[in-house]
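Fold and contact review
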Amino acid sequence: MVYRWQTSEFDDLSNSDLYALLRLRQEVFVLEQDCLYQDLDNRDQNAIHMLCWGENELLAYQRALAPGSYFSDSALGRIVVSATARGHQVGKELVQRGVLHNLARWPEHDVRLNGQAHLENFYSTLGFVPEGELFDEEGIPHRHMVYHRSH
């Protein structure tokens, strides 16, 4: 399958793009993972949105956040891959693109994320290092992870 990658500022997202990314986040985080949480956290408006399309379906998504908007370093968040795209390396490429984007845009900062604990090995294979203890976020164990810019 040929993927179409899109990187957009919030104001450059079409209504259809925004609907698709919010739908994917809800499908996976709220319905599949049974996690009732406040998805719309007022960070989307200042984020860079990275989307992966396959034909007319949104397969994967993440947002990149500037230093100081979530962590003191840059951040990746709301990393999500549709059930149909899992196992096809889409998540790996998504996160790699996010890291490269953040390092190019904010070269003086590391890249941080809060990863679900069951994905710690996945993020580690991409160069992220776990930091601190596990913590609960909306009923799911998470760990702070950092990709050092000197990596």
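None of these values were measured; they are calculated from a predicted model.

Observations regarding the overall build of the protein
When helices and strands are counted, the protein shows three helices and seven strands. The helix and strand sequence of the protein, counted from the amino end, reads β-α-β-β-β-α-β-α-β-β. Relative to the 2.2 N^0.38 estimate, which gives 15 Å for 151 residues, the radius of gyration of the protein is 15 Å and therefore close to what a compact globule would have. The principal-axis extents of the C-alpha atoms in the protein amount to approximately 40 × 35 × 30 Å. Per-residue burial over the protein gives 46% buried out of 151 residues. Counting contacts in the protein only where the partners sit at least 6 residues apart, residues at least 24 apart contribute 61% of the total. Of the roughly 8,300 Å² that the protein leaves accessible, carbon and sulfur atoms contribute 48%. Distance between charge centroids for the protein: 3 Å, based on 13 positive and 22 negative side chains.

Some words on helix 1 (residues 15-32)
Between its first and last C-alpha atoms helix 1 spans 24 Å; for 18 residues at 1.5 Å apiece the expected length is 26 Å, and the two agree. In the structure, helix 1 departs most strongly from a straight axis at glutamine 26, where the bend amounts to approximately 30°. Listed as buried for helix 1 are Asp17, Ala20, Leu21, Leu24, Arg25, Val28 and Phe29. As for helix 1, its buried residues are in contact with strand 1 (3-9), strand 2 (48-54), strand 3 (57-65), strand 4 (74-81) and strand 5 (111-116). Just downstream of helix 1, aspartate 34 is the residue with a positive phi angle, here 50°.

Observations regarding the side chain of glutamine 62
Within the element layout of this structure, glutamine 62 appears in strand 3. One polar contact links the side chain of glutamine 62 to the main-chain carbonyl oxygen of leucine 94, over a distance of 2.6 Å.

Some points on the pattern of salt bridges
By the definition in use, this model includes 13 salt bridges. Of the charged contacts, one joins arginine 43 and aspartate 41 as a salt bridge, the two residues approaching to 3.4 Å between their closest N and O atoms. On the basis of relative accessibility, which here comes to 21%, the residue aspartate 41 falls in the partly exposed class. A salt bridge links arginine 149 to aspartate 110; its shortest N-O distance comes to 3.3 Å.

Focus on the packing of aromatic side chains
Scanning the entire structure with this criterion turns up four aromatic pairs. With a centroid separation of 4.7 Å and 85° between ring planes, the pair formed by tyrosine 70 and phenylalanine 71 is classed as edge-to-face. The class for tyrosine 70 is partly exposed, based on a relative accessible area of 36%. For phenylalanine 71, a relative accessible area of 17% corresponds to the buried category. Summarising the aromatic geometry, the rings of tyrosine 123 and phenylalanine 128 are spaced 6.0 Å apart at their centres and angled 75° between planes, so their arrangement reads as edge-to-face. Assessed through its relative accessible area of 5%, tyrosine 123 is described here as buried. An aromatic cluster is built from Phe122, Tyr123, Phe128 and Tyr147, whose rings are joined through pairwise contacts.

Concerning the nonpolar core
Judged by nonpolar contacts, the single largest core of 22 residues is most densely connected at Leu76, Ile79, Val95, Val99, Tyr123 and Phe128. Put simply, the parts of the chain that give this core at least two residues each are strand 2, strand 3, strand 4, helix 2 (90-105), strand 5 and strand 7 (140-147). If one sorts the elements of this core by residue count, helix 2 sits on top with five residues. With residues up to four places along the chain from it excluded, the contact list for isoleucine 79 reads Phe29, Tyr61, Gln62, Leu94, Val95, Leu113 and Tyr123.

Parameters at a glance
- Residues numbered from 1 in each chain as written.
- Predicted model: local features only at pLDDT ≥ 70, side-chain atom pairs only at ≥ 80, totals over all residues.
- Heavy atoms only, no water.
- Helix = DSSP H or I, 4+ residues; strand = E, 2+ residues; numbered from the N terminus.
- Rg over C-alpha atoms; globule rule 2.2 N^0.38 Å.
- Buried < 20%, exposed > 50% of the residue type's maximum accessible area, 1.4 Å probe, protein only.
- Contact = heavy atoms within 4.5 Å.
- Areas by Shrake-Rupley, 256 points an atom, 1.4 Å probe, with all protein chains shown as cover.
- Lys, Arg positive; Asp, Glu negative; His and termini not counted.
- Charge placed at Lys NZ, Arg CZ, Asp CG, Glu CD.
- Expected span 1.5 Å × (residues − 1).
- Bend = angle between axes of the 7 residues up to and from the residue.
- Polar contact = N/O pair within 3.5 Å; in protein donor to acceptor, adjacent residues only side chain to side chain.
- Salt bridge = Lys/Arg side-chain N within 4 Å of Asp/Glu carboxyl O.
- Phe/Tyr/Trp six-rings, centres within 6.5 Å; stacked < 30°, edge-to-face > 60°.
- Core = buried A, V, L, I, M, F, W, Y, C linked by side-chain atoms within 4.5 Å.

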